[in-house]
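# Structural characterization, general
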Amino acid sequence: MPYDPAPTPVKPYIPATATLPEFTVRALVMGVVLGMIFGASSLYLVLKVGLTVSASIPVAVIAITLFGMFKKMGGRESTILENSITQTAGSAGESLAFGLGVTMPAIMILGFDLEISRVMLVGVLGGLLGILMMIPMRRTMIVDAHRDLKYPEGTACAEVLKAAATETSREAAGEVREAGSDAARDAKRRAAIIFGGFGLGLLYKVANVSLKGWKDVANFEFGAPLKAGSAGAEISPELVGVGYIIGPRIAFTMAAGGVLSYLLLIPMIKFFGELLTVPLSPGTMLIKDMGPDDIRNAYVLYIGAGAVAAGGLISLVRSLPSIWNGLRAGLAGMNGGKASAGPALRTDQDIPFKWVAIGCLAIIAIITFATPLHMNLLGALLILVFGFLFSTVSSRLTGEVGSSSNPISGMAVATLLFTCLIFLVMGWTGGRYYVTALSVGAIVCIAASNAGTTSQDLKTGFLVGSTPRLQQYAILCGAFASALILGPILLKLNDAGTVYVPAAQVAPGITVDASTLTETAQLQGPQAETDNKTYKVWRKTGTAGGPEGKYLVSDDGKLAYLVDPGINGHHHTRPDGTEVKKYDAPKAVLMSYIIKGILDQQLPWTLVLFGVMISVVLEMAGIQALAFSVGVYLPLVSTLPIAVGGAVRWAADRRNNTLPQYAELDAEERQAAGDRSSGTLLASGYIAGGALAGIIIAITAGVMTNFDSMMAKWAEKSNPFFAGANADLLSLIPYAAIILLLYWVAREKPQN
């Protein structure tokens, strides 16, 4: 796409000469708080299913509503520029959560602990670096290429802000609108929908999980001829919301991958392996004694990881022309842009380049010398090179295909591949370089993700007439604040799902020399109530005699517990029988396999290559493999409800496209209309409410053990929706209610 040095000027909604309140304390604080909330819900989602959804429009609608409430209470009405600042600060959390969620959990798979200092450093430094690296490209990407780079989410968000503009903003824009106009009523209706969805999602999750109102997973296991096959769904509002927003194509493709795993691969392994008299490596049990989850953990996870790795690499290769064109155009624009003569207009002011450069260099210096990152000078230089490369690429691709289709994880895969290959050439192999390589990939991934989000926000500001410099300050504040809270949330979610498995069950008879171990640890969470001893820590690296991982060792050298983490752990029941929710973090598994596979060649390559061939066959058939591969790796109970949400979106769009107001729209315009529709707002509310409730429930599990146990005992004895022969079917009744509500709200009225 050629660089256009003389683009047609665009008239923003608020003229550059207008002076309105913009970077106010209330706008910034509200944006930061909303960014934390949506960042937390996005982190929860990316750990469960490897996906996030854009938070820009939900944050904008909530900001408009809250400011409207302040006015009714006697406060000053907000301006569209204040709303833009709130939306900008609030969108940082979602992109930061994606970068953290797809990379940092890999540290546990590699045999290390999730240290709070490491997670927070990666989040803060990566988030700020991506924003700073995008700032010099604003004029090229947003202003000069405004006709070519649409930035779909940013453009849609600008339309939402303009539709809800207050009287002060409309006067500044020269727009006349009656107080009781359709636009004013529509703004109130949209606010009611998203807040209603949030409240319903939160109440549903609390009634379902905390109060044990009904089963949270409806599951059905089959007998011959599909012995060990199963199908089920986690009947949660947030996953339905995700499926609605990402649409039917991706949703059904992911579910198809789960069907392959649970209704073909697992039954096939059971069929061919049931007569074996010895365990089949890497499994440690006889296949005839394995259930569906045992087979998945021992074999199918590796097949799924191979499919995800191949799908990610193929996606990256397919994107190379766009990546190259984006990089070339971005650099050409920076070289070809003309400095303005005289003072810049308010709408054309950026943070001065010298401060951007100083900030980038300071971040690189901190990265180099930060002890928790295990960084060296070469790693810091790789971050600088890949960070700039993929921040440029991410900003441009976001403008072309939107945030949802931007291959951020593919860029992280490419960074890790090149970094690990360079380390291999340098002879830097083994565990000590795992953290260094992952830190490089994590910071670059977060930087690229935040650069794309910053581009969307600046596009919104460009259309409504915001001051870019103030937007840049806002998203820097939002990213910094979100990084501070997402690290502790990540650790708390992991701790809440951690199970201390008695070593006699998984690694009987193994002893070690405790005198050689220096690291100590205690049990955390509910199990600490019955065992408060201090143990030595031993990290087992092979599978001989028992699974690898972190073990707690008594002073006499006997293994006491296997520490099974909440993220990517395999044990779902504590010794007392309490069920524990785990997080599969599929993208993090991919990152860990790349590091292990290149630096130490520690993978069951046969199974991994089976997965690779699944992706290759799909690509040969003309099917993009990445979404399918993620479905192969994830549990079917996570992907099936996403498909349900996709089906609702398909039905709603099919019905709405027959209405008169859609008759003249092309496919792209219909898609854009659906993306800002009432159904999308309700789905966003489902996601935020359900995910936030899930986080609170998980974090408070350790202090509400007695309440949870009491409710579980009551439900198992007296609640047919939770326990009993028909519980799986009965639990679908409340689930069907929120699905039907979503479809009903998504249906639009005919307009002439």
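Residues numbered from 1 in each chain as written. Predicted model: local features only at pLDDT ≥ 70, side-chain atom pairs only at ≥ 80, totals over all residues. Heavy atoms only, no water.

### Details of the overall build of the chain
In terms of helices and strands, the chain carries 27 helices and seven strands. Over its C-alpha trace the chain gives a radius of gyration of 26 Å, about what one expects of a compact globule, namely 27 Å for 752 residues. In terms of overall dimensions, the chain has C-alpha extents of about 80 × 60 × 50 Å along its principal axes. Put simply, of all contacts in the chain between residues at least 6 apart along the chain, 80% involve residues at least 24 apart. In the form shown here, the chain has an accessible surface area of approximately 30500 Å², with 64% of it arising from carbon and sulfur atoms. Once the 56 positive and 53 negative side-chain charges of the chain are each reduced to a mean point, those two points are 3 Å apart. (Helix = DSSP H or I, 4+ residues; strand = E, 2+ residues; numbered from the N terminus. Rg over C-alpha atoms; globule rule 2.2 N^0.38 Å. Contact = heavy atoms within 4.5 Å. Areas by Shrake-Rupley, 256 points an atom, 1.4 Å probe, with all protein chains shown as cover. Lys, Arg positive; Asp, Glu negative; His and termini not counted. Charge placed at Lys NZ, Arg CZ, Asp CG, Glu CD.)

### What about the state of the cysteines?
What the rule picks out here adds up to zero disulfides. The cysteine Cys-445 is free of any disulfide, with Cys-420 supplying the nearest cysteine sulfur at 14 Å. (Disulfide = S-S within 2.5 Å.)

### Examining the nonpolar core
One recurring pattern in soluble globular proteins is that nonpolar side chains are buried together. Within the largest apolar cluster, 168 residues are counted, with the highest numbers of intra-cluster contacts made by Leu-114, Ile-367 and Ile-595. When residues in this core are grouped by element, the largest group, 16 residues, is from helix α16 (residues 434-464). In contact with Ile-367, not counting residues within four places along its chain, are Leu-125, Leu-373, Met-375, Ile-383 and Ile-443. Ala-228, Leu-260, Ile-269 and Phe-628 belong to the second largest nonpolar core, which has 21 residues in total. (Core = buried A, V, L, I, M, F, W, Y, C linked by side-chain atoms within 4.5 Å. Buried < 20%, exposed > 50% of the residue type's maximum accessible area, 1.4 Å probe, protein only.)

### Topic: the pattern of salt bridges
One pass over the structure, following the stated rule, counts 20 salt bridges. One salt bridge connects Glu-115 with Arg-118, and the closest N-O pair in it is separated by 3.6 Å. Glu-115 gets classed as partly exposed once you look at its relative accessible area, which sits at 35%. Salt bridges linked by common partners bring Asp-113, Glu-519, Arg-539 and Lys-550 together as one network. (Salt bridge = Lys/Arg side-chain N within 4 Å of Asp/Glu carboxyl O.)

### Digging into a nonpolar patch on the surface
On the surface, Phe-220, Phe-222, Leu-226, Leu-729 and Leu-732 cluster together into a nonpolar patch covering about 410 Å² of accessible area. The class of Leu-729 is exposed, set by a relative accessible area of 55%. (Patch = residues over 30% accessible without salt bridge, like charges linked within 9 Å, V, L, I, M, F, W, Y side chains within 5 Å.)

### Side note on the side chain of Asn-208
Turning to its location among the elements, Asn-208 is positioned in helix α9 (residues 182-210). Discounting residues that sit within four places of it in the chain, Asn-208 has contacts with Gly-213, Trp-214, Lys-215, Asp-216 and Ile-235.

### Things to note about the packing of aromatic side chains
In total, this model carries 11 aromatic pairs according to the counting rule given. The interplanar angle of 70 degrees and the centroid separation of 6.2 Å between the aromatic rings of Phe-67 and Phe-70 together place this pair among those described as edge-to-face. Of this pair, Phe-67 and Phe-70 both sit in helix α2 (residues 56-72), three residues apart, which is roughly one turn of that helix. Phe-67 sits in the buried class, given a relative accessible area of 1%. According to the relative accessible area criterion, Phe-70 is partly exposed, its value standing at 36%. Centre to centre, the rings of Trp-428 and Tyr-433 are 5.4 Å apart; their planes meet at 10 degrees, and the pair counts as stacked. The class of Tyr-433 is buried, set by a relative accessible area of 13%. Counting every residue linked through ring pairs, the aromatic cluster contains Phe-423, Trp-428 and Tyr-433. (Phe/Tyr/Trp six-rings, centres within 6.5 Å; stacked < 30°, edge-to-face > 60°.)

### With respect to the sheet that holds strand β6 (residues 549-553)
Here five strands make up an open sheet; going across it, the order is β3-β7-β6-β5-β4 and the pairing antiparallel. Every interior strand has two partners, whereas the edge strands, β3 (499-502) and β4 (520-522), have only one. The sheet shows a mean angle of 40 degrees between the axes of neighbouring strands, direction not considered. Pairing of β3 with strand β7 (residues 559-564) involves four bridges; the strand directions are antiparallel. Within the sheet, the bridge partner assigned to Pro-502 lies in β7 and is Tyr-561. (Pairing = 2+ DSSP bridges. Axes fitted to C-alpha atoms, helices over the stretch in contact; angles between N-to-C directions.)

### Considering the packing of helix α3 (residues 80-103) against helix α19 (residues 586-599)
Orientation of α3 relative to α19, taken along the N-to-C sense of each, is 50 degrees, at an axis distance of 6 Å. In terms of axis orientation, α3 runs oblique to α19. Across the interface between the two elements, Gly-101, Val-102 and Thr-103 from α3 touch Lys-587, Ala-588 and Met-591 from α19. By residue class, the composition of the contact of α3 with α19 is three nonpolar, two polar and one charged. (Parallel < 35°, antiparallel > 145°, perpendicular 65-115°, else oblique. Nonpolar A, V, L, I, M, F, W, Y, C, P; charged D, E, K, R; others polar.)

### What about the side chain of Asp-584?
Within the secondary structure, Asp-584 is located in the loop between β7 and α19. When its relative accessible area of 16% is taken as the criterion, Asp-584 is described as buried. With near-sequence residues (within four places) excluded, Asp-584 lies in contact with Leu-47, Lys-48, Arg-296, Asn-568, Val-589, Tyr-633, Leu-634 and Pro-635.

### Details of the confidence of the model for the chain
Confidence in the prediction of the chain, expressed as mean pLDDT, is 82, and 90% of residues score 70 or more. When mean pLDDT is compared element by element in the chain, helix α27 (residues 732-746) scores highest at 94, while helix α12 (residues 292-336) scores lowest at 70. Segment residues 1-7 is flagged for pLDDT under 50; beyond a separation of four residues in sequence, or across chains, it makes 16 contacts in the model. Contacts of residues 336-341 to residues separated by more than four positions or lying in other chains number two contacts, the stretch itself having pLDDT below 50. (pLDDT = per-residue confidence, 0-100.)

### Observations regarding the packing of helix α5 (residues 116-134) against α16
As a packed pair, α5 and α16 sit with axes 7 Å apart at the nearest point and diverge in direction by 45 degrees. For the element pair α5 / α16, the angle class is oblique. Between α5 and α16 lies a crossing of right-handed hand. Contact with α5, carried on its side by Arg-118, Val-122, Gly-123, Gly-126, Gly-127, Leu-129, Gly-130, Ile-131 and Met-134, involves Val-435, Ala-442, Ile-443, Ile-446, Ala-447, Asn-450, Ala-451, Thr-454, Ser-455 and Leu-458 of α16 and no other residues of that element. Its residues assigned to classes, the contact of α5 with α16 comprises 11 nonpolar, seven polar and one charged. (Left-handed = near helix turned anticlockwise from the far one by under 90°.)

### Structural notes on helix α13 (residues 353-369)
In a regular helix each residue adds 1.5 Å, so 17 residues correspond to 24 Å; α13 covers 25 Å between its end C-alpha atoms and thus fits that length. By the burial criterion, the buried members of α13 are Val-356, Gly-359, Cys-360, Ile-363, Ile-364, Ile-367 and Thr-368. (Expected span 1.5 Å × (residues − 1).)

### A short note on unusual backbone geometry
A cis amide bond links Ala-224 to the next residue, Pro-225, at an omega of 10 degrees. Mapped onto the secondary structure, Pro-225 falls in the loop between β1 (217-221) and β2 (230-234). Ser-281 connects to Pro-282 through a cis peptide bond whose omega is 5 degrees. Positionally, Pro-282 belongs in the loop between α11 (248-273) and α12. Even without a glycine there, the phi angle at Ala-228 is positive, about 80 degrees.

### Digging into the pairing of strand β5 (residues 534-540)
As judged from the three bridges shared by β4 and β5, these two strands associate in the antiparallel manner. Within β5, the position partnered with Thr-520 by the bridge is Lys-536. When β5 meets β6, the two strands line up antiparallel, connected through five bridges. Bridge pairing links Lys-536 to Val-553 in β6.

### Examining the environment of Leu-280
With respect to the secondary-structure elements, Leu-280 resides in the loop between α11 and α12. The class of Leu-280 is partly exposed, set by a relative accessible area of 41%. Put simply, Leu-280 and Pro-641 are 361 residues apart on the chain and 33 Å apart in space, counted from C-alpha to C-alpha. Excluding residues within four positions of it along the chain, Leu-280 makes contact with Met-285, Ile-287 and Tyr-299.

### A few points about the environment of Leu-552
Tracing the sequence through the fold places Leu-552 in strand β6. Judged by its relative accessible area of 1%, Leu-552 is buried. With 13 residues separating them in the primary sequence, Leu-552 and Arg-539 have C-alpha atoms 8.8 Å apart. When sequence neighbours within four positions are dropped, the list of residues in contact with Leu-552 reads Tyr-500, Ala-521, Leu-523, Tyr-535, Lys-536, Val-537, Lys-558, Leu-559, Ala-560, Tyr-561 and Val-563.

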